[in-house]
Each structure stands twice: as structure tokens, then as C-alpha cells.
There are 2 protein chains.
Amino acid sequence: MPARCSGMKDSSRRARVRLYVDQDLVTGRQVSLSGSQAHYLSKVMRLVAGDCVRLFNERDGEWLGRIVSSGKNATDLAIEECVRNASSENGPWLAFAPIKKSALDFIIEKASELGVERLLPVDTQFTVVERLNLARLHAQSVEASEQCERMTIPRLDSPIPLSRLLADWPGDRALLFLDERGGGQPLVHAVDRLRLRAAGTQPLHQPGFLVGPEGGFSDDEAEAVASRPFALRVSMGPRILRAETAAIAALACWQALTEDWRTVNGEE
Amino acid sequence: MPARCSGMKDSSRRARVRLYVDQDLVTGRQVSLSGSQAHYLSKVMRLVAGDCVRLFNERDGEWLGRIVSSGKNATDLAIEECVRNASSENGPWLAFAPIKKSALDFIIEKASELGVERLLPVDTQFTVVERLNLARLHAQSVEASEQCERMTIPRLDSPIPLSRLLADWPGDRALLFLDERGGGQPLVHAVDRLRLRAAGTQPLHQPGFLVGPEGGFSDDEAEAVASRPFALRVSMGPRILRAETAAIAALACWQALTEDWRTVNGEE
């Protein structure tokens, strides 16, 4: 059972460095960090024995860790106290066609900051990018999550064909299809429609968003998506947004319009 | 007086290349493009004599131009017909502290896509970046405007100190202050408040947004901004967004929530 803690204390607010660790976090335990995390603590942030950092994972929440020793290849920390409880952070999903590197990095980083729960790369007819470095994308997502104070890391799936995404899509999760060819309903209307469907139940069930590659979807693909009962075709305004802009704009709007942004820094 | 045209025709939709030109656009006129634009047309897009492109500026609107000759250093085009009228495109303003290069490029590009009318760099206490290459930033803004089908290019100001921004700020334009320290009102509430103030007049008067550098604003600066009668302190949700993410998320929400995104690809 996870420890309960009453909130973040001054000491933990001063510990600005925040790292995701997969190891169990519990008072008295010692945690050893190696590789890029040890390098970051000792060489980039120049932390030494006695300094505190915050460590977190989705199971145990966020804990203060005090550096016990800092060697060339490893930094050892003693876990002191829990400063934030674990939380599930159900967020929207984002299905996206891989696009060129800088734009893709941008999607991963910003989607993580904007609270996406699951990232689903999809192969489409006009997808140009052939190979995804999932380990690199996951690392970017972890770094963004560390910095933005998330308690969970978005799940990053392996790429699947669009047809399989549609076949496997859970029927009770709306899929907001960001259609660059226009003709869809404004995003605000789509959110209103989901609210109506939910008939007042809170919190609103999280949808997924789908955005295509630079060249958009083929007509057949767009038809295949739009014909699904869970799909809502959405237009992103009078200008033609790049794929990555559309994805991030839609996520930002969803979060602002639903419960998420009505709380301020995690407190109601 | 600008020519009136009835809408984009099939021939112009097929002309996928779209370039901003400062020269006057009027039927029968010949326009000569040089430098990077000539290179782009002949070497990147491999267009030849007889091919059509779309040319636009904020005064004359958008026109079809047919390539007459394409040399090593210049491409000459004959202006044929107007395909879209000029439009003023009043959008929100964005005041931002210069940040590291990739994040700044991101702000310029995405703000242009999201319809910002004016970009105002501000020097703040914690601003690290010392010199802005305004010509490079302007070029990025032009390129994004060309691709997203805007008719205007955002105005890019020279950097000014925050104190001067506040002193010169027009009193009738709300300034939504994206305060990373939290405690502001949710963005959706701020937009509701602006609607109430406008008392039903349409279109809603465009606000400005203000976002700080990586290190945020100093306490004195935050106080100086928040004390202005035109300022509204806004919180961007439970996670800590990077400066560039906050700026783009706020712009996307504003456009989605106000008139802009209720039209679909320029048509009501």
C-alpha cells in the first residue's frame, strides 16, 4: 500500500531536481542511479553528498532522496520521506503518424507536458518516416514528465497500421479525428457533444486524438476513420495547421475545456 | 482599391506553392523573385515555365502567378488573377521573453500558424538570451504564414524591456499573463471574463498574452504585471508547462474558444 503524505513541504520544494526511477521508493531504502541520471546529478547539476532530489514513479508517488555518495558511474541516494502520493492521471490518448524528427520530438515532449496518458504511433499510407527510435522517444517523454511535475510517464506503444488501430480501438473511447482537409466540426463543438453524451457524469471519459503525417490521410483512410461510430471529425480552424501543431493545439484545448485546467497546480 | 474575387478556383488549389511577396500584385504585372525564393521554386520544387504558384501579401490578397522564365538567380512570373481578397486578420498579440533557440523558433512558427497578429519580444530580469536575430525570426514567421494559408505576416517588434511593454500597453487590450507560479485563474475563466466585459459585442476584442523566460518572472516583475488594470493572471493547469508550451497552448485555446475556430477553413 502506498504511503500517504500530507503534501509537499518546503524542503521538497527546494529540491528542484526531479527524476523518474523505476525502483521501489520507501523510507529507509537506498537507491542507486547510474548512466545518464548519475551524470546529470553530478556533472550537470553538480550535486554532492547531502543534497536532496525528488524521485518519483507511478506506483509509489514522489519522495525526497538525499545523496549519500556520488561516484564516477553511480550516485547513491537514501530515500527519506514521501512528499506526494501516487496518482493515476488518466489523460487523453494521442495517435499520430510519425513525422520528421524535430516535429516528432515536439509532439512527444509537448504531449507529455499536456498530460497525455498513451502515445500510439500509427503507420499510414503517406507516412514517410520508416523507423522510430522508441527508446529515444521514451527518454524524451520521461524528461518532459520529470520537468512538468507529472507523476506518470505516458505509455508509448510500438507503431501499428491505422487499420489495426481502428479495429482495436475501445468502442467507449471517442476518437477525435483532426482532419486537415476541413469539413469537421469545430473542436469546441465536439467537446460539447462529448459532454452531452456523458450526460453530466464526471469526470468526462478521456478521448483519443488522431493526427496524420505531413501529407495528411488518403481519402480512403479518412473515410475509414470517419465511418467508425466512435470517431468525431474535427476541424482545427481557418488556417492549415502542421500535424504537430494540430495535435498540440487540440490537446491543450481539451485540457483547458475539461476538468484538468480548472484545478490550479494540482489543488482544487 | 484591391480586386474582388469570388473565391479560390480549382486551378489555384492545384498551385500548392504559396509565397509571400511584398511587390504589388495586379493582373498583367510581372514579378521577379530572387534569392531564396527563386532557389525554392526552381531547385526545391523544380517548377518550370508554365507552372503556377500562388503569391500573396496583406494589401493585395492572393493571386495566381505563372512562371515565365526561371534562370539561375531569378524567377519571373506573370500575375494572372486574384484568387482570394486581402483580409486584415486581427489576431491576438504575443509578448514573450526570448528563450533558447529551438524553443524560440517553435514559438515563432506556431504563433504564426495560430494567427498571432503581433510578436513582441521583451527583456526580463531572468532573460538569458542576449541577441535576437530578428531577420531570421521574421523569415520563419513568413514561411509558417505561407504554409498555413494566412494572408498577413505577424508583425515582429524589436525587443523592449518589460517595464516599457507595460507602460506602452494599450489600456483597452487585455493582457493575459501566463504565470508559471500558479494562483491565476484558469484560462477558460479568463476568456469568460473577457466575454462578460465585452457585453456581447462581436467580435471579441483581441487580447495579448505574456510569457516569461525559462526561469520565469522575478517576484517584482510578476507584481508589476499583475498590478496593471489590463492584466489578468492566468494559470495553465496542474502541470508546469515550459514557456513555449504555455504560449502555444494559450493561443490555441483562445482561438478555439473565440470566433476564429468556429469558422471552418475560412468559411462561416
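Structural notes, computed from the coordinates. (Residues numbered from 1 in each chain as written. Chains lettered and ligands numbered in written order. Predicted model: local features only at pLDDT ≥ 70, side-chain atom pairs only at ≥ 80, totals over all residues. Heavy atoms only, no water.)

Looking now at the pattern of salt bridges. All names here are of chain A. Under the definition given, this model contains 48 salt bridges over all chains. Between aspartate 157 and arginine 155 there is a salt bridge, with its nearest N and O atoms 3.0 Å apart. Residue class for aspartate 157 comes out buried when judged on its relative accessible area of 13%. Within this structure, Arg18, Arg54, Glu62, Arg84 and Glu149 form a network of salt bridges that share partners. (Salt bridge = Lys/Arg side-chain N within 4 Å of Asp/Glu carboxyl O. Buried < 20%, exposed > 50% of the residue type's maximum accessible area, 1.4 Å probe, protein only.)

Before going further, it helps to examine a nonpolar patch on the surface. All names here are of chain A. A grouping of Tyr40, Val44 and Met45 is seen on the molecular surface, where their side chains present a nonpolar patch of about 240 Å² in accessible area. Topologically, methionine 45 is positioned in the loop between helix H2 (35–44) and strand S3 (52–57). A relative accessible area of 35% means that methionine 45 is categorised as partly exposed. (Patch = residues over 30% accessible without salt bridge, like charges linked within 9 Å, V, L, I, M, F, W, Y side chains within 5 Å. Areas by Shrake-Rupley, 256 points an atom, 1.4 Å probe, with all protein chains shown as cover. Helix = DSSP H or I, 4+ residues; strand = E, 2+ residues; numbered from the N terminus.)

Side-chain direction in a regular strand flips from residue to residue, so the side chains alternate between the two faces of the sheet. All names here are of chain A. Residues Leu175 and Phe177 line one face of strand S10 (residues 175–178) and the alternating positions Leu176 and Leu178 line the opposite face, and both faces are buried. The pairing of S10 with strand S12 (residues 208–211) spans three bridges and is parallel. Paired with phenylalanine 177 across the two strands is leucine 210, which belongs to S12. Sheet analysis places S10 next to strand S13 (residues 231–235), joined by four bridges and oriented parallel. Within S13, the position partnered with leucine 178 by the bridge is valine 234. (Pairing = 2+ DSSP bridges.)

Before going further, it helps to spend a moment on the environment of alanine 224 of chain A. All names here are of chain A. With respect to the secondary-structure elements, alanine 224 resides in helix H7 (residues 219–226). By relative accessible area, which is 30% here, alanine 224 ends up partly exposed. Distance in space between the C-alpha atoms of alanine 224 and leucine 162 is 9.3 Å, their sequence separation being 62 residues.

Bringing the relation of the copies chain A and chain B into the picture now. When chain A is fitted onto chain B, the two copies agree to an RMSD of 0.0 Å after a turn of 180° and an axial shift of 0.0 Å. Overall, the copies show the geometry of a two-fold rotation axis. Relative to the rotation axis, the closest C-alpha in chain A is found at cysteine 253 of chain A, a distance of 2.5 Å. A shared interface surface links the copies, since 100% of the contact residues of chain A are contact residues in chain B too. (Least-squares fit on C-alpha atoms with pLDDT ≥ 70 in both. Contact = heavy atoms within 4.5 Å.)

Leu94 of chain A together with Leu94 of chain B are the most contacted members of the largest nonpolar core, which totals 84 residues. Discounting chain neighbours no more than four positions away, the residues touching leucine 94 of chain B are Ile107, Ala111, Val116, Arg118, Leu119, Leu120, Phe209, Val211, Ala247 and Leu251 of chain B. (Core = buried A, V, L, I, M, F, W, Y, C linked by side-chain atoms within 4.5 Å.)

The next thing to look at is the sheet that holds S3 of chain A. Residue and element names in this part refer to chain A. Pairing is mixed in the open sheet, where five strands are placed in the order S1-S3-S4-S5-S2. Edge positions in the sheet fall to strand S1 (18–20) and strand S2 (30–34), since each of these pairs with one other strand and no more. Averaged over neighbouring strand pairs, the angle between their axes works out to 40° when direction is ignored. In terms of strand pairing, S3 meets strand S4 (residues 61–70) through six bridges, oriented antiparallel. (Axes fitted to C-alpha atoms, helices over the stretch in contact; angles between N-to-C directions.)

Turning to its location among the elements, glutamate 244 of chain A is positioned in helix H8 (residues 243–257). In this structure glutamate 244 of chain A touches Ile99, Ala103, Phe106 and Ile107 of chain A together with Glu109 and Lys110 of chain B, once residues within four positions along its chain are discounted.

Let's shift gears to the sheet that holds strand S3 (residues 52–57) of chain B. Residue and element names in this part refer to chain B. The five strands are arranged S1-S3-S4-S5-S2 in an open sheet whose pairing can be described as mixed. Of all the strands in the sheet, just strand S1 (18–20) and strand S2 (30–34) have a single pairing partner and so form its edges. Here the strands of the sheet are splayed against their neighbours by 40° on average, with no regard to which way each runs. Relative to strand S5 (residues 74–84), strand S4 (residues 61–70) runs antiparallel, the two being bridged by seven bridges. Within S5, the position partnered with tryptophan 63 by the bridge is cysteine 82. Docked against the sheet, helix H4 (residues 134–148) engages S1 and S3, running at close to 140° with respect to S1.

At the junction of the two partners, chain A supplies 43 residues and chain B supplies 44 residues. Summing the contributions of chain A and of chain B, the shared interface buries around 3700 Å²; its carbon and sulfur component is 58%. Applying the counting rule to chain A against chain B returns six salt bridges. Two residues, arginine 242 of chain B and glutamate 113 of chain A, come together in a salt bridge whose shortest N-O distance is 3.6 Å. Elements supplying a minimum of two residues to the side of chain A that touches chain B: helix H3 (101–113), helix H4 (134–148), helix H6 (187–198) and H8 of chain A. A per-element tally of the side of chain A that touches chain B places H8 of chain A first, with eight residues. Considering only residue class, the side of chain A that touches chain B consists of 17 nonpolar, 14 polar and 12 charged. (Buried area = accessible area lost by both parts, 1.4 Å probe. Nonpolar A, V, L, I, M, F, W, Y, C, P; charged D, E, K, R; others polar.)

Our focus in this paragraph is the packing of aromatic side chains. Any pair of aromatic rings gets described here by the distance separating the centres and the angle formed by the planes. All names here are of chain B. Evaluation of the coordinates by the stated rule reveals 11 aromatic pairs over all chains. On the numbers, 5.4 Å between centres and 80° between planes, the contact of tryptophan 93 with tryptophan 169 is edge-to-face. Highlighted residues: tryptophan 93 in strand S6 (residues 93–96) and tryptophan 169 in the loop between helix H5 (162–168) and strand S10 (175–178), separated in sequence by 76 residues. Judged on exposure class, the residue tryptophan 93 and its partner tryptophan 169 are both buried. Aromatic side chains phenylalanine 177 and phenylalanine 217 sit 5.3 Å apart centroid to centroid with 75° between the ring planes, which places their arrangement in the edge-to-face category. Here phenylalanine 177 is found in strand S10, whereas its partner phenylalanine 217 is found in the loop between strand S12 (208–211) and helix H7 (219–226), with 40 residues between them in sequence. One exposure class covers both phenylalanine 177 and phenylalanine 217, and it is buried. (Phe/Tyr/Trp six-rings, centres within 6.5 Å; stacked < 30°, edge-to-face > 60°.)

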